[in-house]
Amino acid sequence: MESAELLAAYEQMTVIRRTEKAAHDLFLQGLVKGTTHLAAGHEAIAVGASAALRHDDYVFATYRGHHHAMARGATPEECLAELMSRATGLCRAKGGSMHLTKASTGMLGSYAIVGAHLPMAAGAAWSAKLRGTDQIAVAFFGDGATNIGAFHEALNLAAVWKLPVLFVCENNLYMEYTPIADVTAVPRPAADRAPAYGIPGEVVDGNDVVAVQDVVARLAGRARAGDGPALLEAQTYRHFGHSRADPAAYRPAEEVERWLKHDPLDLARGRLVGMGVPEAVVAEADERATSLVAKAVEAAKSGPAPDPREALTDVWADGGAAWRT
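A closer look at the overall build of the chain
Now for step 1: From N to C terminus, the chain includes ten helices and eight strands.
Now for step 2: At 19 Å, the chain has a C-alpha radius of gyration in line with the 20 Å of a compact globule built from 325 residues.
Now for step 3: Taking the principal axes of its C-alpha atoms as reference, the chain extends roughly 60 × 50 × 40 Å.
Now for step 4: Taking contacts inside the chain between residues at least 6 apart in sequence as the whole, the part at least 24 apart equals 75%.
Now for step 5: Surface summary for the chain: the accessible area is close to 13900 Å², and the carbon and sulfur share equals 57%.

In structure tokens form, the structure reads like this:
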């Protein structure tokens, strides 16, 4: 990754971090209903992976998926408006925080059922293979999903059919409130399962955007060449609790401190300075990100409420439900 590419990646990660902080603040102000699952700390996985993908590749994410939606082209305004149930939201107020989707950019959804989207990603990869394109599908999921049946079913079928799909585990050490190590027989919950299906299993520092881009580019190239699926375990850490209802008091203070010192933004910033990029240039990227998100917050707040008459649009393929009645 050249310095200009890294600077752009750093700015994109900063925009995502600022948007997550805005979502947090808007929730505390009572403007975001329901709950939110913030991905602050996970930015390098989404940005690094997306930098290695093509615009027509498919991405599937979990309910902790704001970073993936923005990495694939959703704007902060679209995301925040969706969280605040505005008609200008990414899904016109029909999805909320846990279902951000932008099919036009290949972001085929965030899914609240743990592991449910892994077979869907395999299906998208099968579609690409059937149509003879060299698109790939990428499923991002948490460490907890590695103990779900759909994880094993998807890996098995993808291996049998040699599908062009990447399975990327965002291992932040906790499955909601339970340490993944307490309930898993192998030390690396994703990568250590790969040999059972005869596919490559690798581990990457999920807080290093350059390392993530490099490994995803290599595995994506392998999948495009017809060599089948791969499983990548990206080690990272969430800065907030599981959801806004979780203060995360169960995490050891020294563990939190250690991971906060390994922040994706700090790593990228340090690498930029090491490459000779002036600190003033990096500061300008920070300022642009801050300004963009501040404007997005105000624009999202002023967005109109959704029209109840549109409640059943976008539900069925033809845009309506008349054919079912």
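Remarks on the environment of Ala 194
Now for step 1: One can find Ala 194 in the loop between strand 6 (178–179) and strand 7 (201–205).
Now for step 2: Sequence separation of Ala 194 and Val 256 is 62 residues, and the distance between their C-alpha atoms is 29 Å.
Now for step 3: Filtering out sequence-adjacent residues up to four positions away, Ala 194 remains in contact with Ile 199, Pro 200, Gly 201 and Leu 231.

A word on the packing of helix 1 (residues 3–28) against helix 4 (residues 76–83)
Now for step 1: Following both chains from N to C, one finds helix 1 and helix 4 inclined at 20°, their axes separated by 11 Å at the closest point. Taken together, the axes of helix 1 and helix 4 lie roughly parallel to each other. As helix 1 runs across helix 4, the sense of the crossing is right-handed. In this structure, helix 1 uses Val 15, Thr 19, Ala 22, Ala 23 and Leu 26 to contact helix 4, whose residues at the interface are Pro 76, Leu 80 and Leu 83.
Now for step 2: Residues of the contact of helix 1 with helix 4, tallied by class, amount to seven nonpolar, one polar and no charged.

Notes on the side chain of His 42
Now for step 1: If you trace the backbone, His 42 turns up in the loop between helix 1 and helix 2 (43–52).
Now for step 2: Here Glu 170 takes part through its side chain, which lies 2.9 Å from a polar atom of the side chain of His 42.
Now for step 3: Non-local contacts of His 42, meaning those with residues more than four positions away in its chain, are made with Arg 64, His 67, Glu 170, Asn 172, Thr 236, Tyr 237 and Arg 238.

Here we look at the nonpolar core
Now for step 1: Grouped together as the largest cluster of nonpolar side chains are 59 residues, with contacts concentrated most on Leu 80, Leu 166, Val 209 and Val 216.
Now for step 2: Other than its neighbours up to four places away in sequence, Val 216 contacts Ala 49, Ala 52, Leu 53, Leu 166 and Leu 232.
Now for step 3: Within the second largest apolar cluster, 24 residues are counted, among which are Ala 124, Ala 139, Val 165 and Leu 231.

Considering the pairing of strand 2 (residues 107–111)
Now for step 1: Most of strand 2 is tucked away: four of the five residues are buried.
Now for step 2: As paired elements, strand 1 (residues 58–62) and strand 2 share three bridges and run parallel to each other. The residue of strand 2 that forms the bridge with Thr 62 is Tyr 111.

With respect to the sheet that holds strand 2
Now for step 1: Taken in spatial order, the six strands of this open sheet run 2-1-3-4-8-7, and their pairing is parallel. Unpaired on one side and paired on the other, strand 2 and strand 7 mark the two borders of the sheet. With direction set aside, neighbouring strand axes in the sheet form an average angle of 20°.
Now for step 2: Taken together, the five bridges between strand 7 and strand 8 (residues 230–235) define a ladder with parallel strand orientation. Bridge pairing links Gly 201 to Leu 231 in strand 8.

A few points about unusual backbone geometry
Now for step 1: Non-glycine residue Ala 93 carries a positive phi angle of around 75°.
Now for step 2: Topologically, Ala 93 is positioned in the loop between helix 4 and strand 2.

Let's talk about a nonpolar patch on the surface
Now for step 1: Residues Trp 126, Leu 130, Leu 157, Val 160 and Trp 161 make up a contiguous nonpolar surface patch of roughly 530 Å² in combined accessible area.
Now for step 2: Those elements giving two or more residues to the nonpolar patch turn out to be helix 5 (117–131) and helix 6 (149–161).
Now for step 3: By residue number, the principal contributor to the nonpolar patch is helix 6, which donates three residues.
Now for step 4: In this structure, Val 160 sits in helix 6.
Now for step 5: On the basis of relative accessibility, which here comes to 56%, the residue Val 160 falls in the exposed class.

Looking at the side chain of Arg 86
Now for step 1: Tracing the backbone shows Arg 86 in the loop between helix 4 and strand 2.
Now for step 2: Despite its burial, Arg 86 remains without a salt bridge, the nearest opposite charge being carried by Glu 77 at 9.7 Å.
Now for step 3: A polar contact is formed between the side chain of Arg 86 and the backbone oxygen of Ala 300, at a distance of 3.4 Å.
Now for step 4: Not counting the four nearest positions on each side in its chain, Arg 86 is found in contact with Ala 81, Arg 92, Ala 93, Ala 300, Lys 301, Gly 303, Pro 304 and Pro 306.

Notes on the state of the cysteines
Now for step 1: What the rule picks out here adds up to zero disulfides.
Now for step 2: A disulfide-free cysteine, Cys 91 has its sulfur positioned 9.0 Å from the sulfur of Cys 79, the nearest such atom.
Now for step 3: Accessibility expressed as a relative area gives 18% for Cys 91, which makes it buried.

Some details on the packing of helix 2 against helix 7 (residues 209–224)
The packing of two helices is summarised by the inter-axis angle and the distance between the axes.
Now for step 1: Relative orientation of the contacting elements helix 2 and helix 7 amounts to 40°, with a least axis distance of 7 Å. Between helix 2 and helix 7, the interaxial angle falls into the category oblique. Relative to helix 7, the crossing made by helix 2 is right-handed. Counted together, Ala 44, Ile 45, Val 47, Gly 48, Ala 49, Ala 51 and Ala 52 of helix 2 and Val 209, Val 212, Gln 213, Val 216 and Ala 217 of helix 7 form the full contact between these two elements.
Now for step 2: Residue composition of the contact of helix 2 with helix 7, by class: ten nonpolar, two polar and no charged.

Cut-offs and rules
Residues numbered from 1 in each chain as written. Predicted model: local features only at pLDDT ≥ 70, side-chain atom pairs only at ≥ 80, totals over all residues. Heavy atoms only, no water. Helix = DSSP H or I, 4+ residues; strand = E, 2+ residues; numbered from the N terminus. Rg over C-alpha atoms; globule rule 2.2 N^0.38 Å. Contact = heavy atoms within 4.5 Å. Areas by Shrake-Rupley, 256 points an atom, 1.4 Å probe, with all protein chains shown as cover. Axes fitted to C-alpha atoms, helices over the stretch in contact; angles between N-to-C directions. Parallel < 35°, antiparallel > 145°, perpendicular 65-115°, else oblique. Left-handed = near helix turned anticlockwise from the far one by under 90°. Nonpolar A, V, L, I, M, F, W, Y, C, P; charged D, E, K, R; others polar. Polar contact = N/O pair within 3.5 Å; in protein donor to acceptor, adjacent residues only side chain to side chain. Core = buried A, V, L, I, M, F, W, Y, C linked by side-chain atoms within 4.5 Å. Buried < 20%, exposed > 50% of the residue type's maximum accessible area, 1.4 Å probe, protein only. Pairing = 2+ DSSP bridges. Patch = residues over 30% accessible without salt bridge, like charges linked within 9 Å, V, L, I, M, F, W, Y side chains within 5 Å. Salt bridge = Lys/Arg side-chain N within 4 Å of Asp/Glu carboxyl O. Lys, Arg positive; Asp, Glu negative; His and termini not counted. Disulfide = S-S within 2.5 Å.

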